Amino acid sequence: MLDLLRHSYKQDPRSPVCRDASFSNVYGKPIVPRVKSDDCFFDGLRKEGNTTNVFGSKVTSAFVIDFPGLNTLGISMSRVDLAPGAINPPHSHPRASQIGVIIKGKVLVGFVTTANVFYSKVLKAGDMFVIPRGLVHFELNVGKGKALFLPAFNSQMPGIVILPTTLFASTPPIPNDVLTKGFQIDAKSTLETLQTIFVNGFPCKPLSEVKSDDFFFDGLRTEGNTTNVFGSKVTSAFVTDFPGLNTLGILMSRVDLAPGGINPPHSHPRASQTGVIIKGKVLVGFVTTANVFYSKVLKAGDMFVIPRGLMHFELNVGKGKALFLPAFNSQLPGLVVLPTTLFASTPPIPNDVLTKGFLIDAKVISDIRSKLGS
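Residues numbered from 1 in each chain as written. Predicted model: local features only at pLDDT ≥ 70, side-chain atom pairs only at ≥ 80, totals over all residues. Heavy atoms only, no water.

A. Layout of unusual backbone geometry. Here the residue pair Thr171 and Pro172 is connected by a cis peptide bond, since its omega of -10 degrees sits within 30 degrees of zero. On the secondary structure map, Pro172 appears in the loop between α2 (163-168) and α3 (176-183). At the junction of Thr346 and Pro347, the peptide bond is cis and its omega measures out at -10 degrees in the coordinates. Turning to its location among the elements, Pro347 is positioned in the loop between α4 (338-343) and α5 (351-358). Of note, Thr72 is a non-glycine position whose phi angle comes to about 75 degrees, a positive value. (Helix = DSSP H or I, 4+ residues; strand = E, 2+ residues; numbered from the N terminus.)

Put into C-alpha cells, the structure is as follows:
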C-alpha cells in the first residue's frame, strides 16, 4: 500500500516543486519529474557578496531560477551586501512587494510613492521595512562598517528595474531625445557618462445614490494643455474621476503630445497597459527587467502593450500634434514618473543617494531639480 501511495504522489502534478519545466503532460500521460532533496534547500546566501563595483553593493538572489523548490510558491528572498558608504541604487520590482530585515550595519532605506512623496528611515540590525510593489526605492549604507540585509518578496521571480542602468545602459540605448527631454538636461551633461498612498479600492455607493452619470464620462473629449516642460498632458479617467469603474479593474486615459513633446519615462506599479494611437507619429519604448530596450514608431490605428511595472515612454516624432488612448487592467494603476520621482519628491531624496546611484555630481542634480520645479 505504501508503495502504491508513493507512486501516486510522484505522478501528482499538485506537488508544488514538481510544477517546473521538467513536468509536462504528453498525450494525457504525466511525466515524473526528477525532483531531489537539494531542490528544496539552498545555501547560496551564506557567502558575503563581492562589492568591488561602482555602487559598492552586491545582490545575491534566491529566486526560482536559483532555487527550484520555490516554483509555484510565490515567494523568494535575496541577500544584499553593502560596503561602507555604498548604495543599492534606485530600483523597483514590477512583480512583487518587498519586506526585509537589517542583519548588520546602519542602512538608510527610502522609497517614493505614486504621489511623489518620499519616505525614509535609518535602520539598524533587527529593524524591518516594507516596500509596496513597483515603487522606486534604495538602500544606502550610512554606517562606518559593512552592512547586510535580507529582503523577501511575494513572488518567485519579482523582477528588477535598476534605474541608472535601465535609463542609461539599456541594449540598444534609449534615444538621447527621450532622456534630454524627459530629464530636462542637455546631451553633454555629466549624466550621460554613465497624492497620498492609494489603496486600489474605494467604498461602493449605496444603491440609492447610484445614478446613470456614474457609468458615463465625457472628460476625455477635450484636448489637454501641453504648455509645460514635457510638452504633454495626461487626462485621466481613473476610478477617482469615473465612479462606475469601481471594482471593475479597468480604466482608460487620454495623452496629448505637442510636436516634439514627451510623456516622460514612467511606470505603473499596479497595471499592464495597452493603447492605440489616434493621431500623429509616436515613438513608444520600454525597457525589460533584463535591460533590453524595445521600441517602435507608431501611426494612427497602431496599438502597443507595456507589461506591468516596466519603465516606458511615448515621444512625439511627427511634425504635428499627437494623441493616444491608453487602457489599463486596474482601476487605479498608479504612476511613477521617474524624473519627478527621483529629482522632485517631497521631501527630496538625499543628494548622496543620487550622486552615488547615478554616478553624477551634485551640480547635475541641482540643475535637474531647478528645471523640474523642486
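The rest of the description comes next.
B. Main features of the pairing of strand β9 (residues 128-131). Burial of the side chains of β9 is restricted to one face: Phe129 and Ile131 are buried, whereas none of Met128 and Val130 on the reverse face is. In this structure, strand β6 (residues 98-104) lies alongside β9, joined through four bridges in antiparallel fashion. Following the sheet pairing, Gln98 is matched in β9 by Ile131. (Buried < 20%, exposed > 50% of the residue type's maximum accessible area, 1.4 Å probe, protein only. Pairing = 2+ DSSP bridges.)

C. Broad picture of the UniProt feature "binding site: Mn(2+)" (unreviewed entry) in the chain. Within this numbering scheme, the UniProt entry marks His266, His268 and His312 as carrying the feature "binding site: Mn(2+)" (unreviewed entry). For the residues just named, distributed over 47 residues, the greatest C-alpha separation is only 9.3 Å, placing them together at one site. Following the sequence through the fold, His266 ends up in strand β15 (residues 262-267). Residues in contact with His266, not counting those within four places in the same chain, are Leu310, Met311, His312, Phe313, Glu314, Leu335, Val336, Val337 and Leu338. A distance of 2.6 Å separates a polar atom in the side chain of His266 from the backbone oxygen of Pro264. Relative to the elements of secondary structure, His312 occurs in strand β20 (residues 311-316). (UniProt positions renumbered as here; feature names shortened; annotations may be inferred. Contact = heavy atoms within 4.5 Å. Polar contact = N/O pair within 3.5 Å; in protein donor to acceptor, adjacent residues only side chain to side chain.)

D. Examining the nonpolar core more closely. Leu163, Leu167, Ile174, Leu342, Phe343 and Phe358 are the most contacted members of the largest nonpolar core, which totals 65 residues. Residues within four places of Leu342 in sequence aside, it is in contact with Pro90, Val136, Leu163, Phe183, Ile349, Leu354, Phe358 and Arg369. (Core = buried A, V, L, I, M, F, W, Y, C linked by side-chain atoms within 4.5 Å.)

E. Broad picture of the packing of α5 against helix α6 (residues 362-371). As a packed pair, α5 and α6 sit with axes 9 Å apart at the nearest point and diverge in direction by 110 degrees. Classified by the angle their axes make, α5 and α6 are roughly perpendicular. You can see that α5 and α6 cross each other, and the crossing is right-handed. The segment α5 lies against α6, with Asn351, Leu354 and Thr355 engaging Ala362, Ile365 and Arg369. Grouping the constituent residues of the contact of α5 with α6 by class yields three nonpolar, two polar and one charged. (Axes fitted to C-alpha atoms, helices over the stretch in contact; angles between N-to-C directions. Parallel < 35°, antiparallel > 145°, perpendicular 65-115°, else oblique. Left-handed = near helix turned anticlockwise from the far one by under 90°. Nonpolar A, V, L, I, M, F, W, Y, C, P; charged D, E, K, R; others polar.)

F. Highlighting the side chain of Ser57. Inspection of the secondary structure assignment puts Ser57 in strand β3 (residues 57-62). Judged by its relative accessible area of 9%, Ser57 falls in the buried class. Within the structure, the side chain of Ser57 is placed 2.8 Å from the backbone oxygen of Ile87, a separation counted as a polar contact. Beyond its immediate sequence surroundings of up to four residues, Ser57 is in contact with Asn50, Thr51, Asp81, Leu82, Ala86, Ile87, Asn88 and Pro89.

G. Region of the structure containing a nonpolar patch on the surface. On the surface, Leu207, Val210, Phe215 and Phe216 cluster together into a nonpolar patch covering about 470 Å² of accessible area. Looking at where Phe216 falls in the secondary structure, it is placed in the loop between α3 and β13 (232-237). Look at Phe216 and you get exposed, because its relative accessible area is 62%. (Patch = residues over 30% accessible without salt bridge, like charges linked within 9 Å, V, L, I, M, F, W, Y side chains within 5 Å. Areas by Shrake-Rupley, 256 points an atom, 1.4 Å probe, with all protein chains shown as cover. Salt bridge = Lys/Arg side-chain N within 4 Å of Asp/Glu carboxyl O.)

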